[in-house]
Amino acid sequence: MGYDSKKIEDFKNVWVFCEQRQGKLMNTDFELLSEGRKLANDLGVKLVGLLLGDKVEGLAKELGSYGADEVVLCESELLKDYTTDAYAKVICDVVQDIKPEILLFGASNIGRDLAPRCAARLHTGLCADCTHLDIDVPQYKEFLRANSTLDVDGTKWDEGDRNLKMTRPAFGGHLMATIICPRFRPAMATVRPGVLKKAAPDQAKADAVQIVRPNFSLEASDLKTTVLAVEKAAKELVDLIGADFIVSVGRGIAADVEKGKKIAEDLANELGGVVGGSRAAIDSGWLSADRQVGQTGKTVHPKVYVALGISGAIQHKVGMQDSECIIAVNKNSAAPIFEVADYGICGDLFTVGPMLTEAIKAAKAAK
Amino acid sequence: MKIIVCVKQVPDTSGKVAVNPDGTLNRASMQTIINPDDMNAVEAALSMKDETGCEVVVVTMGPPPAEGMLRELLAMGADRAVLISGREFGGSDTYATSQILAAGIKKIGIDKDDIIFAGRQAIDGDTAQVGPQMAEKLGIPQITYAAEIKKDGDSITVKRMLEDGFMMIKMQTPCLVTCIKELNSPRYMSIGGIMTAYEKPLEIFDYAALKDDPLIDLDTIGLKGSPTNIFKSFTPPQKGAGVMLEGADKNTCAKLANILAEKHVI
């Protein structure tokens, strides 16, 4: 059978590309499998993990524990380190052969390199950096009721519509758009890390996972690039996405950057959390890029998010507004950050910051 | 050797953004800028030109006023510019856009030692998809998220950033590289550059100019040829503002700490 992305009836099952680096699976894989499980259940089809690498069979069970019925496993020495050429060739060959109806990738630097290359070759649609996915129209309507100002009940809906509805922020977070790929398959999306919830692993599912080894061909001559080295970052990177407490700084620390950072660190240490920053703080070189919260940085949802001297541009808010509790300290009472804050203090971070650290220390001691 | 740089004129989403009642963007009310990551791509090309004397061609797809942006880039030091513009191209998603840009680049011509630079992503869509999709349509290799680029002979070596480190990758030319802000600091226009910007060649490729390319088919470009469609667009609801605490002193902080303690968040 030839491959024709327009013959949508030929395509079946939900696939998740499961990225591994140096033989270790990524957290995003588990988030995507957990979400993919729901989509597969909605469609009444199988959930399949797509795993590429060199000697990575041992990872298959872990993928099963997060909901994969099957793992499509492609192993080769040429797949040890990620290269666009090798990964795109193997994925496209296998997809053209087995024909999944949905293909999801984590929106990592690798996923966002690989997915568009594949979508272009497969002649199908790809939605970038999604934050929400739906199949069922009633569920999608529920989502809109909670997250939009649209007149959901005054709109005419095709309740039987089974297209994957891929929702994402656009225009720096000013707009949300739901994208569909109605005429081609697979419907493809990259999904933002840290946004979808990962389910609890299930050992029974892990033991039941089926491994499928498809045919593919890959020669050294298929690679137009050579990986000379893969280096880990020299310093320990901060885990903003997994943090329960984040203290972020913005342009407000400009008057004394070192002091402002110290105040944020002290408060973060007292809370047992980490320091983040707005785009202004990262672009000014005050903090490293791994600490950036926002549309072009990371999306976080800690228990407590403290914004010190951050005005609250929309591109920042889109990355932190789903935090459980937001505390904002800013000299300007009209700063937009107060629009999303649960608790606002209009004051100077250089004086309020240390007082807040002391107050939290005292409140904890009093417990 | 030449370098082709793909750039995009975008609304300045960091400023005030007006949204129409129907949930679409009021573009007329917005300032336009050259997409920030694209400026790093332009700088990468111009510094390679400083080193090797190669030719730099800037190319964009957009409405006729995008010519102003191209003139600015000519003033910065680019040698010639191409504006791809036509009603048939409107409404294209990333797939359709990459087909049109790839056809435009084929018309400019890619030789064995040529390189295409683009920004990592544009601040209006934030997709980062057009670069890789273009590379695929042109059948050339790609490296995204470039933080360092070195040319040597018929290959380039690129430091490609990952979230947890980086890779050093060697790639044959012709090839495509997408650039991030860590790569360099973009230069300004020079007075001399501004004087000569209007004398440098600026070509316009419309639908008629590109239609003979196999990539250009009314079924694979524009709104109708785009595999993805917008199902709904909406503005996120503003989260209700919480409590503005009175004062900014020790008492205020103590009150807040106690609320957190009562709610068992600390």
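Please read all numbers here as calculations on a predicted model, not as lab measurements. (Residues numbered from 1 in each chain as written. Chains lettered and ligands numbered in written order. Predicted model: local features only at pLDDT ≥ 70, side-chain atom pairs only at ≥ 80, totals over all residues. Heavy atoms only, no water.)

Colleague: Looking at this model, I keep getting lost on the overall build of chain A. Mind explaining?
Modeller: A tally of regular secondary structure across chain A gives ten helices and 18 strands. Along the longest, intermediate and shortest principal axes, the C-alpha atoms of chain A span 70 × 55 × 40 Å. By residue count, 61% of the 367 residues in chain A fall in the buried class. Sequence separation of at least 24 residues holds for 68% of the intrachain contacts in chain A that already meet a minimum separation of 6. Counting only carbon and sulfur atoms, one obtains 49% of the accessible surface of chain A, whose full area is about 14100 Å². When the 45 basic and 51 acidic side-chain charges of chain A are each reduced to a single mean position, those positions are 2 Å apart. (Helix = DSSP H or I, 4+ residues; strand = E, 2+ residues; numbered from the N terminus. Buried < 20%, exposed > 50% of the residue type's maximum accessible area, 1.4 Å probe, protein only. Contact = heavy atoms within 4.5 Å. Areas by Shrake-Rupley, 256 points an atom, 1.4 Å probe, with all protein chains shown as cover. Lys, Arg positive; Asp, Glu negative; His and termini not counted. Charge placed at Lys NZ, Arg CZ, Asp CG, Glu CD.)

Colleague: Honestly, the domain arrangement of chain A in this entry has me stumped. Any pointers?
Modeller: As a measure of interface size, the accessible area lost when the parts come together is often cited. Residues and elements named next belong to chain A. Domain annotation for chain A reports domain 1 (8-222) and domain 2 (245-366). Between the C-alpha centres of domain 1 and domain 2 there is a distance of 34 Å. At the interface, eight residues of domain 1 touch nine residues of domain 2. At the boundary of domain 1 and domain 2, one finds four residue pairs in polar contact (both at pLDDT 80 or more). Residues that form the side of domain 1 that touches domain 2 fall into these classes: two nonpolar, four polar and two charged. (Domains from an automatic or database assignment. Polar contact = N/O pair within 3.5 Å; in protein donor to acceptor, adjacent residues only side chain to side chain. Nonpolar A, V, L, I, M, F, W, Y, C, P; charged D, E, K, R; others polar.)

Colleague: It is not clear to me how the pairing of strand 17 (residues 325-330) of chain A should be interpreted in this structure. Could you clarify?
Modeller: Every other side chain in a regular strand lies on the same face of the sheet, so the side chains alternate between the two faces. Residue and element names in this part refer to chain A. Of all six residues that make up strand 17, six are buried, and the element is covered over most of its length. By the bridge criterion, five bridges tie strand 16 (residues 304-308) to strand 17 in an arrangement that is parallel. Its bridge partner being in strand 17, A307 is matched across the sheet by A328. Bridge count between strand 17 and strand 18 (residues 343-346): four bridges; the pairing is parallel. In the strand pairing of strand 18, V329 is matched with I345. (Pairing = 2+ DSSP bridges.)

Colleague: Could you clarify how one ought to interpret the packing of aromatic side chains in this entry?
Modeller: Two descriptors summarise a pair of aromatic rings, namely the distance from one centre to the other and the angle between the planes of the rings. Taken as a whole, this structure holds ten aromatic pairs over all chains when the rule is applied. Between F17 of chain A and F105 of chain A, the aromatic rings sit 5.4 Å apart at their centres with planes inclined by 35°, giving tilted as the arrangement. Of this pair, F17 of chain A sits in strand 1 (residues 14-18) while F105 of chain A is found in strand 6 (residues 102-106), placing the two residues 88 residues apart along the sequence. As far as burial versus exposure is concerned, F17 of chain A and F105 of chain A are alike and both buried. Between F30 of chain A and Y66 of chain A, the ring centres sit 4.3 Å apart and the planes meet at 20°, which makes this aromatic pair stacked. Residue F30 of chain A is located in helix 1 (residues 27-43), and its partner Y66 of chain A is located in the loop between helix 2 (60-65) and strand 5 (70-75); the two are separated by 36 residues in the primary sequence. For the residue pair F30 of chain A and Y66 of chain A, the accessibility class agrees, reading buried in each case. Connected via pairs of aromatic rings, a cluster forms that spans Y140, F143 and W157 of chain A together with F231 and F234 of chain B. (Phe/Tyr/Trp six-rings, centres within 6.5 Å; stacked < 30°, edge-to-face > 60°.)

Colleague: Mind showing me how you'd approach the packing of helix 10 (residues 349-366) of chain A against helix 8 (residues 250-262) of chain B here?
Modeller: Two quantities define a packed helix pair, namely the angle between the helix axes and the distance between the axes. Their axes nearest at 8 Å, the elements helix 10 of chain A and helix 8 of chain B cross at an angle of 45°. Here helix 10 of chain A lies oblique to helix 8 of chain B, going by the angle between them. Our pair here, helix 10 of chain A against helix 8 of chain B, has a crossing hand that is right-handed. For the pair helix 10 of chain A and helix 8 of chain B, the contacting residues are V352, M355, L356, A359, I360 and A363 of chain A in the first and K250, C253, A254, L256, A257, N258 and A261 of chain B in the second. Looking at the contact of helix 10 of chain A with helix 8 of chain B residue by residue, the class counts come to eleven nonpolar, one polar and one charged. (Axes fitted to C-alpha atoms, helices over the stretch in contact; angles between N-to-C directions. Parallel < 35°, antiparallel > 145°, perpendicular 65-115°, else oblique. Left-handed = near helix turned anticlockwise from the far one by under 90°.)

Colleague: Quick question: what am I supposed to make of the interface of chain A and chain B here?
Modeller: The interface is formed by 94 residues belonging to chain A together with 86 residues belonging to chain B. Counting each side, the surface lost to burial between chain A and chain B is near 7600 Å², with a carbon and sulfur contribution of 59%. Among the residues chain A hides against chain B, the three largest losses belong to N109, F171 and Y343 of chain A. Together they make up 10% of the total. There are seven salt bridges connecting chain A and chain B. In this structure, E136 of chain B and R121 of chain A form a salt bridge, with 2.8 Å as the shortest nitrogen-oxygen distance. For the interface between chain A and chain B, the tally reads 38 residue pairs in polar contact (both at pLDDT 80 or more). Broken down by element, the side of chain A that touches chain B gets its largest block of residues, eight residues, from strand 13 (residues 225-232) of chain A. Here the side of chain A that touches chain B is built from residues that sort into 49 nonpolar, 24 polar and 21 charged. Bridge count between strand 10 (residues 175-180) of chain A and strand 12 (residues 229-234) of chain B: five bridges; the pairing is antiparallel. Opposite T178 of chain A, over in strand 12 of chain B, you have K232 of chain B as the bridge partner. (Buried area = accessible area lost by both parts, 1.4 Å probe. Salt bridge = Lys/Arg side-chain N within 4 Å of Asp/Glu carboxyl O.)

Colleague: Would you mind showing me how to read the sheet that holds strand 8 (residues 132-134) of chain A here?
Modeller: In a beta sheet, neighbouring strands are held together by backbone hydrogen bonds and run either parallel or antiparallel to one another. In space, the four strands of this open sheet follow the order 8(A)-9(A)-10(A)-12(B), with antiparallel pairing throughout. Because the sheet does not close on itself, it has two edges, and the strands there are strand 8 of chain A together with strand 12 of chain B. Geometrically, the sheet is characterised by an average inter-axis angle of 25° between neighbouring strands, direction not taken into account. Both strand 8 of chain A and strand 9 (residues 165-170) of chain A contribute to a ladder of three bridges, which runs antiparallel. Residue pairing in the sheet places D134 of chain A in a bridge with K165 of chain A of strand 9 of chain A.

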